[in-house]
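Here's the letter readout for the chains.
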Amino acid sequence: MALLSTGEACSADYSFNVPSEVLELQPNKHAQINSRTQRTLAQAWSDFEKQQSAKALSTLERVISENQHNPVATSYALYSASQILAQLEQYELAIGLIQLLLRLDSLNESSQVKQHLLLAQLQIQTGHFSEASQALQTLISSQQPNQSIEPEQLSEWYYLLSYSQFQTKDYSNCFNSAKHALKLAHPKQEALYQLQLNSLLALKDYPASRLIIEKLISLEPTKKAYWQQWVRIAIQLGEHQQALSGMELLKETQALSATEVLHLSQLQLSEGLPFQAALILEAALSEKTVKATAANIKRLAYSREQAGHNEKAIDILSSSSFITNYQDSADNLAILKQLSRLLVKQALWNEVIQVIHEVSGGSYMQWLALEKDYNKDKVLIGLELGRSLFYSDKLNMAETLFTALDDHLSKLKQSKANRHQADTIDIHIIEKQLAQWTNYLANISKH
């Protein structure tokens, strides 16, 4: 949207003074302008082209002062001054002169139209999008059916209107204005489709968004951003298989970013392709495209587990820095919980006992006692430890652990009346599991 500059330095401050009498002038398209004034106007523009802007503006001020009762001469001077100031990037000053010129309404129709358009462009340039939208709507609605407006000109007005409406979040009208511009064969076809697409996405109209993104892909079939958007829209429409196909195609043509790798692996998991998800994650982690965060390690291990590779999943978790360099944090606990569950699933009871013994510093209950509030992961890890102790025939240790866990949860319930409802439900469910284990162990002891 940037306007052309003459190349003259624009850091200087410019001013333009208009006599107060000019504000009282009435429109008059029939006022005459003498030859001397015409020559002076031409000289002012010549000075500007020679990069003598201050001199040019001063000359135009003089023209207005000498013709302050002539709306035509004044309008021509304002016209030239606004053009010069716009090219000098003195936008706010130019806007004021154009608004005065349009109020005078004393130039021919073609010149008035040009000033309307320049006003809208400058308002866009300065971020006054609502005013620009209003100016363009006025300009478009003022054109009569019998006026010979070039389609290119009208399409440009609709393009600028669409852009302004998008900036003001008037998405429905933005879409329609872009549609008008496209019908008139505006050369910025891609930019107009982008405006339509972004408006439809803002309105959450995903079926219509699909049609527009496909038009953009047909214009630029190798543009990565359009395929990414196509995939996102497919996901919103619940078309996961198509989204997966789109991501696979994207992977074949160019390297994926970290976000795209994670996106693709999630799609593969949702479509029942965990092995493929594991392979792409392993490659991305190895190449450091994707960071070895707890969330990414968990996803990789889960992918391997879903593919039936439980031992591989255990290796991924146990060899991660979250276990080998354990710190008592949420990320480390999440990895430890997943590892404990997998070890129990594989009936590796001693390994469960060993890893929890190591990370807890030798005493799980002392480790748990460090928590002042409910820590779901630590409690669930305790359940896995209790199961492992039971299946390792360490029944007394298992009973002691389950009793201590139940006591820990009971104290938490009493001390936290304003606990989140989800935590309260979790505690209730876990207490029922503990009660079942305790009763089961008590029955075994009787026999």
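Residues numbered from 1 in each chain as written. Predicted model: local features only at pLDDT ≥ 70, side-chain atom pairs only at ≥ 80, totals over all residues. Heavy atoms only, no water.

Details of the overall build of the chain
Just so we agree on the cut-off: Runs of H or I in DSSP of at least four residues are treated as helices and runs of E of at least two as strands, each being numbered from the N terminus. Note that the radius of gyration is over C-alpha atoms, with the globule rule given as 2.2 Å times the number of residues to the power 0.38. Per-residue accessibility, obtained with a 1.4 Å probe over protein chains only, is compared with the maximum for each type, and a residue is labelled buried under 20%, exposed over 50%, and partly exposed between these values. In this analysis, two residues are considered to be in contact whenever any of their non-hydrogen atoms come within 4.5 Å of each other. Computed with a 1.4 Å probe, the accessible areas rest on the Shrake-Rupley method; for each residue, only the protein chains presented here act as cover.
Check the secondary structure of the chain and you find 23 helices and zero strands. Against the 2.2 N^0.38 benchmark of 22 Å for 447 residues, the chain shows a C-alpha radius of gyration of 37 Å, more extended than a compact globule. In terms of overall dimensions, the chain has C-alpha extents of about 120 × 50 × 40 Å along its principal axes. Looking at the chain as a whole, 44% of its 447 residues qualify as buried. Counted over contacts in the chain with a minimum sequence separation of 6, partners at least 24 positions apart contribute 61%. Total accessible area on the chain is roughly 23000 Å²; 49% of this is exposed by carbon and sulfur atoms.

Quick word on helix 18 (residues 330-345)
In plain terms, the rule: The span you would expect from a helix comes to 1.5 Å times its residue count less one.
The end-to-end C-alpha distance of helix 18, which contains 16 residues, comes to 23 Å, matching closely the 22 Å that a straight helix rising 1.5 Å per residue would cover. Inspection of helix 18 places Asn332, Leu333, Ala334, Ile335, Leu336, Gln338, Leu339, Ser340, Leu342, Leu343 and Val344 among the buried residues, and these make up the whole buried set. Buried positions along helix 18 lie against helix 15 (294-306), helix 16 (310-318), helix 17 (321-324), helix 19 (349-359), helix 20 (364-369) and helix 21 (376-391).

Structural notes on the environment of Trp230
Within the secondary structure layout, Trp230 lies in helix 11 (residues 224-236). Under the relative-accessibility criterion, Trp230 is labelled buried at 10%. Considered as a pair, Trp230 and Ser392 are 162 residues apart in the sequence and their alpha carbons are 53 Å apart. Setting aside residues up to four positions removed in sequence, Trp230 forms contacts with Arg210, Ile213, Glu214, Ile217, Gln242, Ala243 and Gly246.

Some details on the side chain of Asn67
Relative to the assigned elements, Asn67 resides in the loop between helix 2 (53-66) and helix 3 (71-87). On the basis of relative accessible area, Asn67 is assigned to the buried category, the value being 12%. Non-local contacts of Asn67, meaning those with residues more than four positions away in its chain, are made with Thr37, Ala73 and Thr74.

Thoughts on unusual backbone geometry
At Asp105, a position not held by glycine, the phi torsion is positive, near 45°. Taking the relative accessible area as the measure of exposure, Asp105 reaches 32% and is therefore partly exposed. Positive phi, close to 60°, is recorded for Ala347, a residue that is not glycine. Tracing the sequence through the fold places Ala347 in the loop between helix 18 and helix 19.

Points about the confidence of the model for the chain
Should the pLDDT be low somewhere, the predicted coordinates at that spot are not to be read in detail. What counts here: How sure the predictor is of each residue is captured by pLDDT, a score from 0 to 100.
Per-residue confidence for the chain averages 87 on the pLDDT scale, and 93% of its residues sit at or above 70. For residues 1-11, every residue scores under 50 in pLDDT, and the model assigns this stretch 29 contacts once sequence neighbours within four places are set aside.

Re the environment of Thr138
Take Thr138: it is sitting in helix 6 (residues 129-141). Take Thr138: its relative accessible area is 40%, and that puts it in the partly exposed class.

Brief notes about the nonpolar core
Heads up, the condition is: Only buried Ala, Val, Leu, Ile, Met, Phe, Trp, Tyr and Cys residues count toward a nonpolar core, and they belong to the same one when joined by side-chain atoms within 4.5 Å.
If you look at the biggest cluster of nonpolar residues, it comprises 91 residues, and the most contacted ones within it are Ile213, Leu336, Tyr364 and Trp367. For this core, the element with the highest residue contribution is helix 18, accounting for seven residues. The contact partners of Leu336, leaving out residues within four places of it in the chain, are Ile323, Tyr326, Val355, Val359, Trp367 and Ile381. With 34 residues, the next largest nonpolar core counts Ala44, Leu60, Leu101 and Leu104 among its residues.

Digging into the environment of Glu351
Counting through the fold element by element, Glu351 comes out in helix 19. Along the sequence, Glu351 and Gln167 sit 184 residues apart, while their C-alpha atoms lie 60 Å from each other.

Notes on helix 2
Compared with the 20 Å implied by 1.5 Å per residue over 14 residues, the 20 Å span of helix 2 between its first and last C-alpha is a close match. Among the residues of helix 2, those classed as buried are Ser53, Ala56, Leu57, Thr59, Leu60, Glu61, Val63 and Ile64. In this structure, the buried side of helix 2 is in contact with helix 1 (35-49) and helix 3.

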